[in-house]
Amino acid sequence: MKIAIIGYGKMGRAVEAAARERGHRIVSIIDVDNRDDFRSEAFRSADAAIEFSTPVAAFDNFMACFEAGIPVVAGTTGWLERMDEVRSICEREGQTFFYASNYSIGVNLFFALNRCLARLMNGFPAYDVRLSETHHIHKLDAPSGTALTLAGDLTARLERKKGWTLRETGDPADLVIKSIREGEVPGTHEVMYDSNVDCIRIVHEAKNRSGFALGAVLAAEFAAGKKGWLGMEDMLQLESRTGFVHDRNN
């Protein structure tokens, strides 16, 4: 298939390598210095666009893809305050939009494990839960989109948690997220249940960017030829694969 890449930083280059490895053709690469290429025939010939740019640029990039009628795989985080607007436009105009807070297959398995464990731990209030995420110093948003997904799944399933916070409040109803930025860490997320007698931890540690890039390319393959709002749940079908009941709210 023909793929356009929007944003040509480290992730954009990793996506390019993953796409070429799977036999796809890169027909357009758009970065900050050639945004006029959104109107080019090369860009408009793409079967899908994969977007890893910046939170400030993401919304305009999505709109440019919609204008060209090209399915977009959204990899940028930090723009979620406009998600309802993007979704409304997507559905009203019959566009195709694939969103995931994290495109790693392993992370999405981790999400499923987190949901399952949270349902179990809801019955054991002696365990307090905390969440931590560590990323490279170049990451612009905190907490990460992955951490927000984990936190949302936790607060939806643990009756004792009402919301999340980045600071220690002393309120047991707050889920504390610790965000760390150091070195070139690709991404580490940990959910910890702690009691007076023991501790339970589940951890996902990315070794490099390749897993994120491959997942984004797989998402582009999945989105091509489809319409509407899509996500990893649609692509991976974890409920049928694992036997877990995949519930978005419970």
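Structure: see above.
Values in this document were obtained by computation on a predicted structure and should not be read as measured data. Per chain, residue numbering runs from 1 following the sequence as it is written. Confidence filtering applies because this is a predicted model: local features only for residues at pLDDT of at least 70, side-chain atom pairs given and counted only at 80 or more, and all residues used for totals across whole chains, interfaces and linings. Working from all heavy atoms in the structure, the side-chain values ignore hydrogens and water.

Looking at this structure, I do not really get unusual backbone geometry. What am I missing?
For residues besides glycine, phi is generally negative; the peptide bonds are generally trans as well. Here the residue pair alanine 142 and proline 143 is connected by a cis peptide bond, since its omega of 0° sits within 30 degrees of zero. Relative to the assigned elements, proline 143 resides in the loop between strand E6 (128-135) and helix H6 (145-157). Under the scheme used here, helices are H or I runs from DSSP no shorter than 4 residues and strands are E runs no shorter than 2 residues, and both carry numbers assigned from the N terminus.

Explanation requested: the pairing of strand E5 (residues 96-99) in the structure shown.
The side chains of a regular strand alternate, residue by residue, between the two faces of the sheet. Each residue's exposure class comes from its accessible area (1.4 Å probe, protein chains only) as a fraction of the maximum for that residue type: buried when under 20%, exposed when over 50%, partly exposed otherwise. On E5, burial covers both faces: Thr96 and Phe98 on one face and Phe97 and Tyr99 on the other are all buried. Examined bridge by bridge, strand E4 (residues 72-74) and E5 share three bridges and lie parallel to one another. Counterpart to valine 72 in the pairing with E5 is phenylalanine 97. Whether a crossover is right-handed depends on one test, that the path from the first strand over the helix to the second runs clockwise when the strands point away from the viewer. Remark: the E4/helix H4 (residues 83-93)/E5 crossover connection has right-handed handedness. Two strands are said to pair when DSSP picks up at least two bridges between them. Across three bridges, E5 lies against strand E11 (residues 228-230) in parallel orientation. Its bridge partner being in E11, phenylalanine 97 is matched across the sheet by tryptophan 229.

Whenever I open this one, the state of the cysteines confuses me. Can you help?
The term disulfide refers to a covalent linkage connecting the sulfur atoms of a pair of cysteines. Whenever a pair of cysteine sulfur atoms sits within 2.5 Å, that pair is classed as a disulfide. Counted under the stated rule, the structure contains zero disulfides. Cysteine cysteine 65 remains unbridged, with the sulfur of cysteine 90 as its closest cysteine sulfur at 11 Å. Here cysteine 116 stays free of any disulfide, with the sulfur of cysteine 199 as its closest cysteine sulfur at 18 Å.

Just checking my understanding: could you explain the packing of aromatic side chains for this structure?
For any two aromatic rings, the description comes down to two numbers: the centre-to-centre distance and the angle of the planes. Each aromatic pair joins two rings of Phe, Tyr and Trp (for Trp, the six-membered one) with centres within 6.5 Å, and gets the label stacked for planes under 30 degrees apart, edge-to-face for over 60, and tilted for any other angle. All chains considered together, the criterion is met by 10 aromatic pairs. Plain terms: the ring middles of phenylalanine 62 and tryptophan 79 are 4.9 Å apart, the flat faces sit at 70° to each other, and that makes the pair edge-to-face. Pair noted here: phenylalanine 62 is in helix H3 (residues 55-68) and tryptophan 79 is in the loop between E4 and H4, with a separation of 17 residues, a long-range link. Accessibility classification places phenylalanine 62 together with tryptophan 79 in one group, the buried group. In textbook terms, an aromatic cluster arises when at least three aromatic residues are bridged by ring pairs, as seen for Phe62, Phe66, Trp79, Phe97, Tyr99 and Trp229. Here the basic side chain of lysine 226 rests over the ring of phenylalanine 222, its NZ or CZ set 4.1 Å away from the ring centre. For a lysine, the NZ atom is tested; for an arginine, the CZ atom; a charge sits over a ring if that atom is within 6 Å of the ring centre and within 35 degrees of the ring normal.

Got a minute to help me understand the pattern of salt bridges in this structure?
Oppositely charged side chains can pair when the atoms bearing their charge come close. A pair is scored as a salt bridge if a Lys or Arg side-chain nitrogen falls within 4 Å of a carboxyl oxygen belonging to Asp or Glu. As enumerated under the stated definition, the model contains 13 salt bridges in all. Among the salt bridges present, the one from glutamate 133 reaches arginine 181, with a minimum N-O distance of 2.9 Å. Of this pair, glutamate 133 sits in strand E6 while arginine 181 sits in strand E8 (residues 174-181), placing them 48 residues apart in sequence. Residue classification places glutamate 133 among the buried residues on the basis of a relative accessible area of 0%. Exposure remark for arginine 181: the relative accessible area of 24% places this residue in the partly exposed category. Bridged by salt links that share partners, the residues Arg115, Asp153 and Arg157 form one connected network.

Shape is all these values report; function is a separate question.
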